[in-house]
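Chains, contacts and geometry: an overview
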Amino acid sequence: MTKLILSDIKKTYRLGNETMPAVNGVSLRFRQNEFVSILGPSGCGKTTFLNVIGGLDQYDSGDLIINGLSTKKFKNADWDAYRNRSIGFVFQNYNLISHQSVLHNVEISMTLSGVSVSERRRRAIEALKAVGLVDQLKKKPAQMSGGQMQRVAIARALVNNPDIILADEPTGALDSHTSEQVMEILKEISKTRLVIMVTHNSELAEKYSSRIIRMLDGEIQSDSNPLAEDKSEAKPEEDKSEAKPESVNSKAKRLRKTSMSMVTAASLSYKNLLTKRGRTLITSFAGSIGIIGVALVLALSSGLSAYMETMQSDTLAGFPITITRTTQTLQVEPRDGNGNLLGAGDDEGKFPNDNLIYNYDSQVSTRQHTNNLTADYLDYISALPDSVEDAVNNISYTRGVGMNVLAKGSETVVQYSSAVRNDDSFQSQAGAMMGGGSDAYWQEMPDNHEYILSLYDLIGEGSRMPENKNEILLVVNEYNQIEKSFFEKLGITSGENYQMNDFIGKQLLTVVPNDEYYIRDGELFTSATGSDYEKLFDGENGVHLTVSGILRIKEDAATNYFSEGFVYTPELTNHIVLSAQQSEIALAQIDSDKNVITDVPFADNAAKEQQLLLFGADTTPTGISIYPKNFESKEQIKEYLDVYNVNKPDEEQIIYTDMAEMITSVTGTLLDTVSYVLIGFAAISLLVSTIMIAIITYVSVIERTKEIGVLRAVGARKKDISRVFNAETMIIGLTAGMFGVGLTYLLSIPINIVIERLVGISSLALLNPGHAIILILGSIALTLIAGFIPSRMAAEKDPVEALRTE
């Protein structure tokens, strides 16, 4: 039965402008099992003829028919499958992969055929047993003799059960005794399949071959046992895109494509890299330098971010989300002498081309949004759902009520703060209102002692936080100082320094109720004068304020909350609001369109509203402060506040202010900017290492050229060759990434020690595990990019030329 048919095969090589026919119109038919020797002088076309049959070289014209299947329309993938499943190669110089064991060298063709691991091992051992090398499985080729290596090559050729064995000078590098052993093996193989051997040794050919073909100048000169054409044979079938199942049509296996798994590719590359451990480690270390640079920047950035988050959480978590009646921004707008806005808010008028110099007035414009704190909104705030309520530490309301405060810092009682308005422009003598501005040295504290103590220390013997409305705190700066004008407001002018116990536990202030501070005179009211202060200060209806403690800003506090002076409790505000609401002056002001103190009509309703707030007639809050339990709770609270504004027009929306977010946003942006710049510099070393890895990969391609030829000979596709070198670069990238990350963690130890000694911050260099994984993956990706061009070069290498490489 005919196994192989060559019909008028031609193969021509071009050398410059000249053409050289290597195979010139050869037509031959081969039996299913016979031992054929091709003889002829060097350069007669024997090896090219063998390579054409093996699919390493494609013919220019004619047809090669295997098992009745024409190869005219074979594509590259078809030829790869053909070499893997139909052809077994035995070469003169063995062409074993040096870094693979004997067993793995024999298994290599089956890894492309989809054979399972257990089946590969079983068949490889059987093949080695057939050539007498079953006891040499774990040896490397360099540990074996020439005859043993050739037998390994024969076992590799047989293991995938090919139709044809092609042997190119299989005894050329062997002594006579070993040559005969190899020829005996080939002769035995020829009993079950077609063996075609190219050789110069006519003596061995005559002794062992069943058929001898002689070639000269690419043409057949003689054939000792030609096979005549069988007229009954069916016409050759051309390869179709859809093949029948193998169980129905044996030709289907010729078309089943080969494929090398990534595991096989990685195994080949890993074992190759192990043979060059030193170079691989140095390359990986060099590649890791860029990773180390980026990793250290990320470690410091992450550590600094964590430190800043902790610091901000500790110091800013208590910053309330504030809602005031108005929110506003100031803008300086240049205008010409006629008051016209220059530039109309855009770039118009910038960089004029004329020769004039203009004069202009800089005017400040205010853009503001009014928050209408309606009863509906106040109910919305008080009706927090449980999930949000758990995030809230405290909600405090500020009101515009004025406080009539008298002070006795020396022998004389003086006015410390007053709600009196001199005219309806509302420039107060003291203006002691939370939410509408606070008087110097007189401020309301938040109802959150924990937050206060996160920013301030209590100093002085017996110093403590207020426990009721009758107690206040004194705030000093970091030098235990208070401005001279504070003492003057208390009536102290001596300029002396004082002991802390001169204040702690002492009554220095009294808040006088409206009905005692304001004296009615017909329809108008007059405020108390200096002669009345002593009596009012000691009066039983006043709230006598005692200093319970002294606050000083912490050394590590990020910001001040209070200015110097006294701070009072929200309980005092609530008491004054209730008292002022029913006072005579408040009720009188409700019914009058004039200022009941100055008898001057109000300019507008807003002015009257301010006066009603001041006297306590209007108890609507002028502001709301919502204190979160922690930094994370802020987002829950803000989400709840945002829901209120959904589908409401702009004028009905309530705008809040989150000072903590503004601070963290600025610091976060600054830190990110610095980090990006440093990462950019570190990335330069990554670029250098990437170029270096590309060069190393190219060197590896050159070193492994023969291996490329072997893999192509056993059926590896071009993409499989690329995969082998991509796997090599991935291994180098993985090693470099792990080196870089590991060394970063090690370097973090001395870096943290130095930083802690210099600035007192511990564990600042802290590489996030997520960043570590990203860096390792990034290292792999970069090396893949670096190895892309060398891997493509490897895939495009001619397998015939690759096999000739020494």
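The structure we're discussing is the one just above.
Report on the accompanying structure. (Residues numbered from 1 in each chain as written. Predicted model: local features only at pLDDT ≥ 70, side-chain atom pairs only at ≥ 80, totals over all residues. Heavy atoms only, no water.)

1. Remarks on the pairing of strand β16 (residues 404-407)
We apply this condition: Buried residues are those whose accessible area, probed at 1.4 Å on protein chains only, stays under 20% of the maximum for their type, while exposed residues exceed 50% and partly exposed ones sit between those limits. Helix and strand labels come from DSSP, where a helix needs a run of H or I of at least four residues and a strand needs a run of E of at least two; each type is numbered from the N terminus. Two strands form a pair only when DSSP identifies at least two bridges running between them.
Where burial is concerned, the two faces of β16 agree: the one with N404 and L406 and the one with V405 and A407 are both buried. Strand direction decides the pairing type here: β16 and strand β17 (residues 414-417), joined by three bridges, are antiparallel. The residue of β17 that forms the bridge with L406 is Q415. Connecting β16 to the antiparallel partner β17 that follows it, the hairpin turn spans six residues.

2. Digging into the sheet that holds strand β26 (residues 623-628)
Across a sheet, paired strands are connected by hydrogen bonds in the backbone, their directions being either parallel or antiparallel. For clarity, the threshold we go by: Residue contacts are defined here by distance: any two heavy atoms, one from each residue, within 4.5 Å place the two residues in contact. A fitted line through C-alpha atoms serves as each axis, taken over the contacting stretch for helices, and the angle formed by two N-to-C directions is quoted from 0 to 180°.
Pairing within the open sheet is antiparallel, and its four strands lie in the order β15-β26-β12-β27. Each end of this open sheet is capped by a strand with a single partner; those strands are β15 (392-398) and β27 (657-658). Sheet topology note: the strand β12 (residues 321-324)/β26 ladder contains four bridges and is antiparallel. Across the sheet, the residue bridging to I321 is I626, located in β26. Lying over the sheet, helix α11 (residues 375-382) contacts β12, β15 and β26, oriented at roughly 15 degrees with respect to β26.

3. Digging into the pairing of strand β25 (residues 565-568)
Sheet topology note: the strand β18 (residues 442-444)/β25 ladder contains three bridges and is parallel. If you follow Q443 over to β25, its bridge partner there is V567. In this sheet, β25 lies alongside strand β20 (residues 471-476) in antiparallel orientation, the contact comprising three bridges. Looking at β25, one finds that L474 is bridged to F566.

4. With respect to the packing of helix α5 (residues 146-158) against helix α6 (residues 176-189)
To keep things clear, this is the line we draw: These descriptions rest on fixed angle ranges, namely under 35 degrees for roughly parallel, over 145 for roughly antiparallel, 65 to 115 for roughly perpendicular, and the rest for oblique. Crossing handedness: left-handed means the near helix sits turned counterclockwise from the far one by under a right angle, and right-handed means the same turn made clockwise.
Close contact between α5 and α6 brings their axes to 10 Å; oriented N to C, the two are set at 15 degrees. As judged from the angle between their axes, α5 and α6 are roughly parallel. As α5 runs across α6, the sense of the crossing is right-handed. Residue-level inspection shows G147, Q150, R151, I154 and L158 of α5 in contact with α6, the latter providing T178, V182, I185, L186 and I189.

5. Some remarks on the pattern of salt bridges
Test applied: Salt bridge, as applied in this entry: a Lys or Arg side-chain nitrogen positioned within 4 Å of an Asp or Glu carboxyl oxygen.
Counted by the stated rule, this structure contains 29 salt bridges. Among the ionic pairs, K638 bridges to E635, the shortest N-O distance being 3.5 Å. Placement of both K638 and E635 in helix α20 (residues 633-645) is noted, with a separation of three residues, approximately one turn of the helix. Between E707 and R704 there is a salt bridge; the shortest N-O distance is 2.8 Å. For the pair formed by E707 and R704, the shared burial category is buried. Residues participating in the shared-partner salt-bridge network are R31, E34, R211 and D223.

6. Details of empty space enclosed by the protein
Rule in force here: A pocket here means an open set of points on a 1 Å grid, computed over the protein atoms alone, that has protein on both sides within 12 Å along at least five of seven lines. A cavity is instead a set of points where a 1.4 Å probe fits but cannot get out; residues with an atom within 4 Å of a point line either one. Grid points are joined across faces, edges and corners, and a volume is the space filled by probe spheres set on the points.
Inspection of every chain in the model, using the stated rule, returns four cavities of 30 Å³ or more. In this model, the largest cavity occupies a volume close to 100 Å³. Every residue lining the largest cavity is counted, 14 residues in all, and those nearest its centre are I87, G88, F89, R156 and V714. Among the elements of the structure, α2 (76-86), β6 (87-91), α5 and α22 (705-713) are those that each provide at least two residues to the lining of the largest cavity. Per-element accounting of the lining of the largest cavity gives the leading share, four residues, to β6.

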